[in-house]
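Examination of the molecular architecture
Here is what each chain is made of, one letter per residue.
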Amino acid sequence: MEVIENFFLSKYSQEKLIKWFRQICIAEAISWLLLFSAMIWIREDKEGILPIIYISVMGSVHGLFFTLYLILAFPCRKIYQWDDEDSVFALLAAFFPLSTIWIDKKLAKFERE
């Protein structure tokens with residue numbers, strides 16, 4: 001994981017990484033909601049081709065944002081000076097719906113108590 005941290009921190013400024021992380025947190029949560037709507041749509045219209053296309057596209061988009069969130073969490077660990085507990089919590093948050101927004105609002109701050 002040190003390789004990912006060093007790669008991003010040597011290439012990009014902290015401000016840019018923070019901006020990307022905040023955007024990815026929100027995009028991951030929104031893409032989860034859209035993916036969830038696709039799951040509901042496919043349950044209602046089992047024979048239609050549009051729900052299948054929509055869920056395939058939204059699954060790919062959500063997978064992209066999910067992966068980007070996990071990758072950007074490592075350099076943000078150094079930027080925000082998270083301890084091991086905070087880092088594990090931030091990584092596990094990717095697996096729970098809408099929790100990346102909570103990470104963006106509460107954990108990704110410089111002056112935390």
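Here, every reference points to the structure presented above.
Here the residue index of a chain counts from 1 through its sequence in written order. Under the rules for a predicted model, residues below a pLDDT of 70 receive no local features and side-chain atom pairs below 80 are neither given nor counted, while totals for whole chains, interfaces and linings still include all residues. Just so you know, side-chain values use all the structure's heavy atoms and leave hydrogens and water out.

Time to look at the nonpolar core. One finds F21, Y69, L72, Y80, W82, A90 and I103 to be the most contacted residues of the largest nonpolar core, which totals 20 residues. Looking at this core, the elements with two or more residues in it are α2 (14-44), α3 (50-80), α4 (84-93) and α5 (99-107). Secondary structure is summarised from DSSP: a helix means a run of H or I of at least four residues, a strand means a run of E of at least two, and numbering begins at the N terminus for each. With seven residues, α3 is the single largest residue contributor to this core. Residue contacts for F21: discarding those within four places in its chain leaves Y69, L72, A73, C76, W82, I103 and A108. Only buried Ala, Val, Leu, Ile, Met, Phe, Trp, Tyr and Cys residues count toward a nonpolar core, and they belong to the same one when joined by side-chain atoms within 4.5 Å. Relative accessible area decides the class of each residue, using a 1.4 Å probe on protein chains only: under 20% of the type maximum gives buried, over 50% gives exposed, and in between gives partly exposed. For this analysis, residues touch if any pair of their heavy atoms sits within 4.5 Å.

What follows is about α4. When we look at burial in α4, the residues that qualify are D86, S87, A90 and A93. Along the long axis of α4, the arc covered by the buried residues comes to 125 degrees, so they all point the same way. Facing away from the buried side of α4 by over 90 degrees, the exposed positions are D84 and E85. Buried residues along α4 sit against α3 and α5. Starting at the helix axis, one direction is taken to each C-beta atom, and the arc is that of these directions.

We now examine the packing of aromatic side chains. Each aromatic ring pair is summarised here by two numbers: the centre-to-centre distance and the angle between the ring planes. Only rings of Phe, Tyr and Trp enter the pairing, Trp through its six-membered ring, and a pair is recorded when the two centres are within 6.5 Å. The plane angle decides the type: under 30 degrees is stacked, over 60 is edge-to-face, the rest tilted. Evaluation of the coordinates by the stated rule reveals ten aromatic pairs. Measuring from centroid to centroid gives 6.2 Å for F21 and W82, while their planes differ by 65 degrees, and the two rings are edge-to-face. Of the two residues, F21 is situated in helix α2 and W82 in the loop between α3 and α4; the sequence distance between them amounts to 61 residues. Each member of the pair, F21 together with W82, is buried. Judged by centre distance (5.4 Å) and plane angle (80 degrees), the ring pair of F89 and W102 falls under edge-to-face.

The next thing to look at is unusual backbone geometry. We note that Q81 has phi near 55 degrees; this positive angle belongs to a residue other than glycine. Along the chain, Q81 turns up in the loop between α3 and α4. Residue Q81 is classed as exposed on the basis of its relative accessible area, which comes to 69%.

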